[in-house]
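Examining the three-dimensional arrangement
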Amino acid sequence: MTIDRERFNAALRAARIPEGFSVVPAAQLIPRTVIHEIERFIEVFERVTTRPSWQRALTADAPPWARGSHGEACFFSAWDFHLSEDGSGWQLIEVNDNGSGFLFASIINATYAELSSLASDPRIDASPDRTRFDERLLEMVEEEARRFPTFVIDE
């Protein structure tokens, strides 16, 4: 399914996606089963990698300054997965601790859904609207600021 490129690009500019940001106006439908498999994988990965015993083993040969627990969790983590051509499988490519690109992705996905018939397709789970997404993002930033006193929240 494709949509009008000019209308799509105009909507992205109105949503403040930077000029020159390359986006292909075409849908890639991912089966719910694949999404659920990826969610389960991330949950297991997070459980394992946050265990103190795993962290100690991982950093055993690291310099002393790298061995201590810092206690922070990065909510901007980005998980890059490649999907098989038929959409039936997936492979983790990398995990980044600067996943701010998901901000662009959320705007692009919402814009595409609004301009296509995908928003009314019962096979597709609706994304949170932009207002709810912005509220959730603000909640995460505020929580991070409360947990780490180097940040100042002006209330």
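These numbers were taken from a predicted model, which means no experiment stands behind them. (Residues numbered from 1 in each chain as written. Predicted model: local features only at pLDDT ≥ 70, side-chain atom pairs only at ≥ 80, totals over all residues. Heavy atoms only, no water.)

Quick look at the overall build of the protein now. In terms of regular secondary structure, the protein is built from 6 helices and 2 strands. Along its sequence from the N terminus, the protein presents helices and strands in the succession α-α-α-α-β-β-α-α. Counting the 155 residues in the protein, one finds 22% classified as buried. Restricting to contacts in the protein with at least 6 residues of sequence separation, those with at least 24 account for 58%. Accessible surface, the protein: about 11,600 Å² in total, of which carbon and sulfur atoms supply 54%. (Helix = DSSP H or I, 4+ residues; strand = E, 2+ residues; numbered from the N terminus. Buried < 20%, exposed > 50% of the residue type's maximum accessible area, 1.4 Å probe, protein only. Contact = heavy atoms within 4.5 Å. Areas by Shrake-Rupley, 256 points an atom, 1.4 Å probe, with all protein chains shown as cover.)

So, on to the pattern of salt bridges. Tallied over the full model, the rule gives 3 salt bridges. Ionic pairing is found between Arg 136 and Glu 139, a salt bridge with its closest N-O pair at 3.4 Å. With Arg 136 and Glu 139 both in helix α6 (residues 130–147), this residue pair falls 3 residues apart, about one helical turn. Classification of Arg 136 by relative accessible area gives partly exposed; the value is 41%. Given the relative accessible area of 36%, Glu 139 is considered partly exposed. Salt bridges linked by common partners bring Arg 132, Glu 135, Arg 136 and Glu 139 together as one network. (Salt bridge = Lys/Arg side-chain N within 4 Å of Asp/Glu carboxyl O.)

Direction vectors running N to C along helix α1 (residues 5–14) and helix α5 (residues 101–115) enclose 135 degrees, while the axes themselves pass 10 Å from each other. On the basis of their axis angle, the class for α1 and α5 is oblique. Relative to α5, α1 is oriented so that their crossing is right-handed. Two secondary-structure elements touch here, α1 through Arg 7, Phe 8, Ala 11 and Leu 12 and α5 through Ile 108, Thr 111, Tyr 112 and Leu 115. (Axes fitted to C-alpha atoms, helices over the stretch in contact; angles between N-to-C directions. Parallel < 35°, antiparallel > 145°, perpendicular 65-115°, else oblique. Left-handed = near helix turned anticlockwise from the far one by under 90°.)

Worth remembering: the numbers are spatial, not functional.
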